[in-house]
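# What the coordinates show
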Amino acid sequence: LLLLWTFCEWPELLVSNSQREIWKWWEEEPKYEDSIKWMSLRHNGPAFPPPYERLPDNIKFYYNGEIVTLNSEAEEVASLYAKMLYHELTRDETFCKNFFTDWKDAMSPEVKDVIAALDQCDFREMAAYYKRKKTNEKVQQEFGYFFLDGHKQRIGNSPSRGKLKKKILPEDVTINCSEKEIPEPLPGCSWGQVQHNSAVIWLASWKESPPGKLKYMMPHANSKLMGERDWKKYEVARRLKHHRDHIQEQYRKDWDSEDKSLQQRGVVLYLIDKFALRVGNKTKEGMMANTFGCCSLRVKHVTLHEDHKGETKKLEFNFMGKSSILDKKMVPVEEKVFRNLQLFKEEKGERGEADLFDHVNPQVLNTYLKGLTKGLTTKVFRTHIASITMEQELKNLTHHIKDKVSSFNEANRKVAELCNHQRTKPALHWFELQVTIEASRDELSLSKKKLEQAMQGSSTEELKNDVKRKDDELRELGVNSSMEENKQLNLNSSKLYYIDPRIIVAWCIKWGVPVEKIYTKAQRDKFAWAIHMNDENFEF
DNA sequence: CGGTTCGACTCAGAAATGTCACT
DNA sequence: AAGTGACATTTCTGAGTCGAACC
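Residues numbered from 1 in each chain as written. Chains lettered and ligands numbered in written order. Predicted model: local features only at pLDDT ≥ 70, side-chain atom pairs only at ≥ 80, totals over all residues. Heavy atoms only, no water.

A word on the UniProt feature "active site" (unreviewed entry) in chain A. The residues that UniProt annotates with the feature "active site" (unreviewed entry) are Tyr498. Looking at where Tyr498 falls in the secondary structure, it is placed in the loop between helix H14 (492–497) and helix H15 (501–511). Apart from the residues within four sequence positions on either side, Tyr498 is in contact with Tyr234, Arg382, Thr383, Ala386, Ser387, Cys419, His421 and Ser493. At 2.9 Å, the side chain of Tyr498 forms a polar contact with the side chain of Arg382. (UniProt positions renumbered as here; feature names shortened; annotations may be inferred. Helix = DSSP H or I, 4+ residues; strand = E, 2+ residues; numbered from the N terminus. Contact = heavy atoms within 4.5 Å. Polar contact = N/O pair within 3.5 Å; in protein donor to acceptor, adjacent residues only side chain to side chain.)

This is the structure we're talking about:
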């Protein structure tokens, strides 16, 4: 399960330093059908890092205190572990066990005989070497480009490095490009497959092994291919306003339906329409914590409060959502929804583990929604509600607050709250903390020593205080290391994925706020289409 | 034909990196 | 004037959605 290398830097070949061409694709008439994504697509394929370089002679690996010379492959694998020696993961039993098993496979028989336990291995010299090397080298991480219909475009994610996965070779990679524009693989290698599929936008793909999931090399967010989709996404979300009344009317009727699946669909749709929940596909039941969305909610995730704090009919959500972020909130609901939920829970005998909505699933919902208007699916509601809310909040807040940027952030915060976008304040890294504690302990013992020496002499009061203070500091560090994580709102996700940029651009023009105050460089590139439209009167 | 898996995107917070004011 | 530390921005890649293929 080891990935020795994976794709990383892009060859500089195609990178020119000349001024960046701005392709105003949003001003052009569509030249081909929706289902065709490109006419020509040229790129160099993924770049592979150079082969492994052996450690210099002065850097040793020790087993049980003795120098052991590893064979090249075993050393390469060891270097992966050494590089993350001070990462919390190296304390994880399973991680170490897996690593050790895989590492042994890479060892020569002689080395294998010697190395019997991971905890007798001393990687510290190697770790120090790589830490030095990393800071010295300052690897130039230049992004690559590809050519779409003759225009230069950036490539998106440069896939992971240094993770424990299988080595990816050109033979594992499928290239997607124009005919006659096939990139050169590494000398002596060949691509696994080459295809010319203009119905998709990816440039290269490969299977990650494990877990066998497909990975893609995709265009950058600021490219035409991605921007176009983004624009389209907001257009669909915008159109929902013409259908929302009808949808609401319909689901209110469905609450009274004799048909269980209609009745449940009605309630689920209400929850999605009111509280911007995700649809909730089935998630893989592995060792990972199960997460939930609207359709997959269990009985225990919803608590009904008949009379909560003097108000009536409140619903309490409490479940793990996407990325294991806790969704916990108390919301008012309409009488009939309340009664229906009560019924659904009773039907399952209040068994907490039972599925609350056992007669609907995401496919059923989307099939229904697609029938109402083209492109409508459940996730559109989140986009729609977020954008509508932003527009409304901006209208309400901007007049009252002198600082326009703060009022913007305030509106943004409301949307983030709605979408339950959280951010975990990172606790001090385990290792860094250990180092700090270690240093602190050294200081303390030094002070103690000084104190002892001074005992013979006179003025020891100051030194005594010093010892006491340092002792307290050390104790404090110990407490902080077990500090509980504290959750805060994260405004970035909603800004990047849910709020129509044209709303923001219009607001900027109206209040004379430079777009630069709101969007970062990368964000301005991503939303170039919206910024260039420059429509002050835009209404979502 | 209903459920499950697969392929292709789309969204997610954390980690890594950059910046800037202050020593 | 190089370090440092708080905060901002960018990168990374896992975790969702959803239509289509498969069975």
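There's plenty left to go through after this.
All right, on to the protein's contact with DNA strand B then. Surrounding DNA strand B, one finds 25 residues, the nearest of these being Lys233, Arg278, Thr424, Ser493 and Tyr498. Those atoms of DNA strand B that come within 4 Å of the protein belong to sugar or phosphate at a rate of 85%. Arg229 is positioned with one of its side-chain polar atoms (N or O) 2.9 Å from a phosphate oxygen of DNA strand B. One of the side-chain N or O atoms of Asn490 is found 2.7 Å from a phosphate oxygen in DNA strand B. The set of elements that each furnish at least two residues to the surface near DNA strand B consists of strand S10 (214–217), helix H5 (224–239), helix H10 (379–398), strand S14 (422–425) and H14. Among the elements that take part in the surface near DNA strand B, S14 stands out by supplying three residues, more than any other. Of the residues that constitute the surface near DNA strand B, the class distribution is nine nonpolar, seven polar and nine charged. (Near = heavy atom within 4 Å. Nonpolar A, V, L, I, M, F, W, Y, C, P; charged D, E, K, R; others polar.)

Another point: H15. Within H15, eight of the eleven residues are buried, which leaves it mostly tucked inside the rest of the structure. Of all the residues in H15, the buried ones are Pro501, Arg502, Ile503, Ile504, Val505, Ala506, Trp507 and Cys508. (Buried < 20%, exposed > 50% of the residue type's maximum accessible area, 1.4 Å probe, protein only.)

Turning our eyes to something else, we now look at the packing of helix H7 (residues 260–275) against helix H8 (residues 335–347). Contact geometry for H7 and H8: axes closest at 11 Å, N-to-C directions at 125°. Compared by their axis directions, H7 and H8 come out oblique. The handedness of the crossing between H7 and H8 is left-handed. Residues Lys260, Gln263, Gln264, Val267 and Tyr270 of H7 form the contact with H8, whose own contacting residues are Val337, Asn340, Leu341, Leu343, Phe344 and Glu347. Tallied by class, the residues present in the contact of H7 with H8 amount to six nonpolar, three polar and two charged. (Axes fitted to C-alpha atoms, helices over the stretch in contact; angles between N-to-C directions. Parallel < 35°, antiparallel > 145°, perpendicular 65-115°, else oblique. Left-handed = near helix turned anticlockwise from the far one by under 90°.)

Turning our eyes to something else, we now look at the pairing of strand S12 (residues 311–320). Direction of pairing for S12 relative to strand S13 (residues 326–332): antiparallel, over a ladder of seven bridges. Note that in S13 the partner of Asn318 across the bridge is Lys328. Hairpin connection between S12 and S13: a loop of five residues separates the two successive antiparallel strands, and Ser323 in this loop has a positive phi of roughly 60°. (Pairing = 2+ DSSP bridges.)

Right, let's talk about unusual backbone geometry for a bit. Even without a glycine there, the phi angle at Ala276 is positive, about 55°. With respect to the helices and strands, the residue Ala276 is situated in the loop between H7 and strand S11 (302–308). With relative accessibility at 2%, the residue Ala276 sits in the buried group. Not every positive phi belongs to a glycine, and Lys313 is a case in point at roughly 55°. Inspection of the secondary structure assignment puts Lys313 in strand S12.

Below, the discussion takes up the sheet that holds S10. Strands in a sheet are paired, the pairing made by backbone hydrogen bonds, and the direction either parallel or antiparallel. Overall, mixed pairing links the four strands, which are arranged S8-S7-S9-S10 in an open sheet. Two strands lie at the open edges of the sheet, namely strand S8 (193–195) and S10, each paired on one side alone. Here the average twist between neighbouring strands, direction ignored, is 20°. In this sheet, S8 lies alongside strand S7 (residues 173–176) in parallel orientation, the contact comprising three bridges. Across the sheet, the residue bridging to Ile175 is Val194, located in S8.

What follows concerns the packing of aromatic side chains. Summed over all chains, the structure comprises 18 aromatic pairs. With a centroid separation of 4.9 Å and an interplanar angle of 50°, the aromatic rings of Tyr81 and Phe123 are classed as tilted. One end of the pair, Tyr81, is in helix H1 (residues 72–83); the other, Phe123, is in the loop between strand S4 (121–122) and helix H4 (124–137), and 42 residues separate them in sequence. Pairwise contacts between aromatic rings join Tyr251, Trp255, Tyr270, Phe275, Phe317 and Phe319 into one cluster. One cation-aromatic arrangement involves Arg265 over Tyr368; the distance from NZ or CZ to the ring centre is 3.7 Å. (Phe/Tyr/Trp six-rings, centres within 6.5 Å; stacked < 30°, edge-to-face > 60°. Lys NZ or Arg CZ within 6 Å of the ring centre and 35° of its normal.)

An α-helical turn contains 3.6 residues, so any two residues separated by three or four positions project in the same direction. Here H7 contains 16 residues, and its C-alpha end-to-end distance of 22 Å stays within 8% of the 22 Å for a straight helix at 1.5 Å per residue. In terms of burial, H7 is a largely internal element, twelve of the 16 residues being buried. Taken residue by residue, H7 has Gln263, Gln264, Arg265, Gly266, Val267, Val268, Leu269, Tyr270, Leu271, Ile272, Asp273 and Phe275 as its buried positions. At the exit of H7 stands Ala276, carrying a positive phi of roughly 55°. (Expected span 1.5 Å × (residues − 1).)

Before going further, it helps to examine the sheet that holds S4. The sheet built from three strands is open, its strands ordered S3-S2-S4 with antiparallel pairing. Single-partner strands in this sheet number two, and they are strand S3 (66–67) and S4. The sheet contact formed by strand S2 (residues 62–63) and S3 spans two bridges and is antiparallel. Pairing of Tyr63 across the sheet is with Glu66, part of S3.

What follows concerns the environment of Thr373. Looking at where Thr373 falls in the secondary structure, it is placed in the loop between helix H9 (362–372) and H10. By relative accessible area, which is 11% here, Thr373 ends up buried. Along the sequence, Thr373 and Val236 sit 137 residues apart, while their C-alpha atoms lie 9.0 Å from each other. When sequence neighbours within four positions are dropped, the list of residues in contact with Thr373 reads Arg239 and His243. Of note is the side chain of Thr373, whose polar atom sits 2.9 Å from the side chain of Arg239.

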